[in-house]
Amino acid sequence: TRGNGISVGWRDDQIRNFRKYVEPVIGSVKLQKVTAIQVSRVLSRMNDAELSKQMQLHVYNLMHKMFEDAIELFEVLNRNPVIKRLRPDVLTKESRYLTIKDIMRLIEAVRGSEFEAAAWIQLFTGLRIGEVQALMWSHVDLDQGKLFVAGTYVRKEKRFKDFPKGGQQHRIDLPVELRNYLIALRERTQSLYVASVHPTAFLDYALYYKNLKQICVAAGIPWVGTHGLRHSTSEIYLKHGASYDDVRKLFAHSSSSVTDRYIHDHGSRLEKVANVIRLFPDTDKKSDVSQKFPKSEESAI
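Bear in mind the structure is a predicted one, so any value in this text is a computation, not a measurement. (Residues numbered from 1 in each chain as written. Predicted model: local features only at pLDDT ≥ 70, side-chain atom pairs only at ≥ 80, totals over all residues. Heavy atoms only, no water.)

Trainee: Sorry if this is basic, but what is going on with a nonpolar patch on the surface here?
Mentor: On the surface, Leu31, Leu73, Phe74 and Val76 cluster together to form a nonpolar patch covering roughly 400 Å² of accessible area. Take Leu73: it is sitting in the loop between α3 (53–72) and α4 (100–109). (Patch = residues over 30% accessible without salt bridge, like charges linked within 9 Å, V, L, I, M, F, W, Y side chains within 5 Å. Areas by Shrake-Rupley, 256 points an atom, 1.4 Å probe, with all protein chains shown as cover. Salt bridge = Lys/Arg side-chain N within 4 Å of Asp/Glu carboxyl O. Helix = DSSP H or I, 4+ residues; strand = E, 2+ residues; numbered from the N terminus.)

So, in structure tokens, the structure goes:
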């Protein structure tokens with residue numbers, strides 16, 4: 001993974017996990033001699049140590065990737081001992097998000113604070129907090145109503161990256177209300193960064209997180225965290241007619257399985273939709289039905 005754009009922090013985490021959980025169990029075994037039973041011992045030891053299923057899944061994925069590379073990239077193995085049956089089952093938690101009413105209350109509650117711009121941007125565009133921190137006015141075209149997601153700030157490494165998470169730079173069409181807000185904000189700010197009130201400093205995540213939580217509690221709004229605001233964005237877009245593919249494009253997801261986590265209604269709108277579907281509105285009258293759908297020869301007989 002070195003040199004191909006992968007985060008240094010991510011690489012360090014994988015190496016740390018290998019040395020802590022994998023190497024003590026199978027590190028001395030010849031590559032071709034590793035079996036599914038030995039792989040299961042790695043996970044069993046983690047389970048005995050009462051490590052979370054999510055952590056076990058991280059290590060499972062790490063081992064699976066390592067042996068898959070041994071097969072596909074280096075061609076030193078013919079089979080992957082990290083079989084699917086060993087994959088830890090992790091319960092998927094429903095992501096927290098705000099309803100439209102709560103979103104409106106939050107926008108009112110944050111008005112006038114130094115974190116107002118960050119909240120507006122997150123709610124209307126769904127940017128991750130690191131992408132909000134990295135957003136500069138040079139990335140915003142107010143005339144065309146476009147926002148360019150060019151990079152992100154990585155807190156673990158304390159540095160900016162020239163591409164967002166997932167590696168895909170992309171543009172977002174600014175909703176009218178956000179565009180008007182940013183036009184007014186641009187006229188009164190001297191900051192290089194859109195979400196900061198300081199001339200040269202970008203948004204401080206810790207202060208934003210702390211103050212936004214206090215604002216939500218004071219306003220009686222559920223606290224969903226900064227990533228929950230991104231999930232709230234999908235609510236705004238879906239309520240206003242966006243499709244599944246629209247949401248996927250907005251968030252620049254590379255996989256539809258990721259977008260699935262941002263769809264919260266789980267088909268609850270289907271009953272309402274079923275009740276209003278009308279391809280032939282006039283067919284409620286029996287006379288019209290016979291005109292639109294003539295009797296077949298078989299029924300005529």
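Here the narrative resumes.
Trainee: How do you make sense of the sheet that holds strand β2 (residues 146–149) when you look at a structure like this?
Mentor: A sheet is described by the order of its strands in space; here three strands give the open sequence β1-β2-β5, paired in antiparallel fashion. The two strands at the open ends of the sheet, each matched to only one other strand, are β1 (140–141) and β5 (170–173). In terms of strand pairing, β1 meets β2 through two bridges, oriented antiparallel. Bridging across to β2, Asp141 finds its partner in Lys146. (Pairing = 2+ DSSP bridges.)

Trainee: Explanation requested: the packing of helix α5 (residues 116–125) against helix α9 (residues 225–239) in the structure shown.
Mentor: Relative orientation and spacing of two packed helices are given, respectively, by the angle between their axes and the distance between those axes. Between α5 and α9, whose axes approach to 6 Å, the crossing angle comes to 50°. Our classification of the angle between α5 and α9 gives oblique. Residues Gln122, Leu123, Phe124 and Thr125 of α5 pack against Thr226, Leu229, Ser232, Thr233, Ile236 and Tyr237 of α9. A class-by-class count of the residues in the contact of α5 with α9 yields five nonpolar, five polar and no charged. (Axes fitted to C-alpha atoms, helices over the stretch in contact; angles between N-to-C directions. Parallel < 35°, antiparallel > 145°, perpendicular 65-115°, else oblique. Contact = heavy atoms within 4.5 Å. Nonpolar A, V, L, I, M, F, W, Y, C, P; charged D, E, K, R; others polar.)

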